[in-house]
Amino acid sequence: KPVIGVFALQGNVREHLAMLTAVGADARPVRRESELAQVDAMVLPGGESTTMYKLARSFELFEPLQKRIADGMPAFGTCAGMIMLANEITGGIDGQETLGGLDVTVRRNAFGRQVDSFEADLEFPDLGPTFATPYHAVFIRAPWVERVGADVQVLSRVGTGLGAGWAGLGPEAGRSRIVAVRHDRLLATSFHPEMTGDVRLHGYFAELVRGL
Ligand code: GLN
């Protein structure tokens, strides 16, 4: 069984643990360096990336995590977790650092205030028959991916709407945006995959870890 940790200082930790267990992983909360040392891979949940950054620093997990990722540990970042994995962010606060590794630029709170939260059915055209039916995704003050490096695979996009609810996007409304990517062993989504009963993305990540 792959041993997959969940960064457990913030976010929907229990939900991620339950979904990882459902796809056959040995899922464990990680709050300290000694626990990080025992996992094969990590999930970085959503929450608030500035707070996650500060918590990771004060629990002395930031550098150990950064090092494990640089050494090739698989990681799955969701929402704030995607921001944590990004090499570059826009809309961050002063001094906010990321773990890095994922060669993308991510815009924080990109969808605007009017659309703080929304749901959408997403296609994952490259992920085979398991993803033949749409994936229902929940976005909460979500980031989007603005730039992808040459080695980054775009897994899914969301079309933003033109209705009143999207007015805050101004001229950006109606464009489609990248919301799921894979870069080698790093997987990231703008949305919260732990908030529905759909375990397909956790399953995809567990397969990635098993395949190493
Ligand atoms: N807006 C949050 C941030 O910038 C992310 C929101 C989330 O994880 N649901 O960190």
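Residues numbered from 1 in each chain as written. Predicted model: local features only at pLDDT ≥ 70, side-chain atom pairs only at ≥ 80, totals over all residues.

An unreviewed UniProt entry annotates the protein as Pyridoxal 5'-phosphate synthase subunit PdxT of Kribbella solani.

Ile4, Leu20, Met42, Val43, Ala75, Leu85 and Ala86 are the most contacted members of the largest nonpolar core, which totals 58 residues. Ignoring any residue separated from it by four or fewer positions in sequence, one finds Val43 in contact with Ile4, Val6, Phe7, His16, Leu20 and Phe76. (Core = buried A, V, L, I, M, F, W, Y, C linked by C-beta atoms within 7 Å. Buried ≥ 20, exposed ≤ 12 C-beta atoms within 10 Å, placed from the backbone. Contact = placed C-beta atoms within 7 Å.)

Burial in helix α1 (residues 13-22) covers these residues: Val13, His16, Leu17, Met19 and Leu20. In a view along the axis of α1, the buried residues occupy a sector of 165 degrees, so they form one face of it. Against the buried residues of α1 lie β1 (3-7), β2 (26-30), β3 (41-44) and α6 (200-210). Of the residues trailing α1, Gly24 is marked for its positive phi of about 90 degrees. (Helix = DSSP H or I, 4+ residues; strand = E, 2+ residues; numbered from the N terminus. Arc of directions from axis to C-beta.)

In the UniProt entry, the feature "binding site: L-glutamine" (unreviewed entry) is given for Gly47, Glu48, Ser49, Arg108, Ile140 and Arg141. Spanning 95 residues, the named residues form one tight spatial group whose C-alpha atoms are at most 12.8 Å apart. When sequence neighbours within four positions are dropped, the list of residues in contact with Gly47 reads Gln10, Gly11, Met52 and Ala80. Within the fold, Arg141 resides in the loop between β8 (135-140) and β9 (144-148). With sequence-adjacent residues up to four places away left out, Arg141 is seen in contact with Asn109 and Asp116. (UniProt positions renumbered as here; feature names shortened; annotations may be inferred.)

Turning to the pairing of β1, a few remarks are in order. The element β1 is largely enclosed, with a buried count of four among its five residues. Two strands pair when backbone bridges link them, and β1 and β2 are joined in this way by five bridges, in the parallel orientation. Bridge pairing in β2 places Val3 opposite Asp26. Between the parallel elements β1 and β2, the chain passes through α1 in a crossover that is right-handed. (Pairing = 2+ DSSP bridges. Right-handed = clockwise from strand over helix to strand, strands pointing away.)

It is worth spelling out the confidence of the model for the protein at this point. Per-residue pLDDT for the protein averages 94, and the proportion of residues at 70 or more is 97%. Both scores are given for the predicted complex: the pTM is 0.95, the ipTM 0.95. (pLDDT = per-residue confidence, 0-100.)

Within the secondary structure, Gly46 is located in the loop between β3 and α3 (49-58). We classify Gly46 as buried; it has 30 C-beta atoms within 10 Å. Sequence separation between Gly46 and Gly174 is 128 residues, and the spatial gap between their C-alpha atoms is 25 Å. Filtering out sequence-adjacent residues up to four positions away, Gly46 remains in contact with Gly11, Asn12, Thr78, Cys79, Ala80, Gly81, Ile140 and His192.

The next thing to look at is the UniProt feature "active site" (unreviewed entry) in the protein. What UniProt calls "active site" (unreviewed entry) maps, in this numbering, to Cys79, His192 and Glu194. In summary, the annotated positions, though distributed over 116 residues, converge in three dimensions, the widest C-alpha pair being only 10.9 Å. Within the fold, His192 resides in the loop between β12 (186-189) and α6. The exposure class of His192 is buried, given the 24 C-beta atoms found within 10 Å. Among all residues touching His192, those that are not within four sequence positions of it are Gly46, Thr78, Cys79, Val138 and Ile140.

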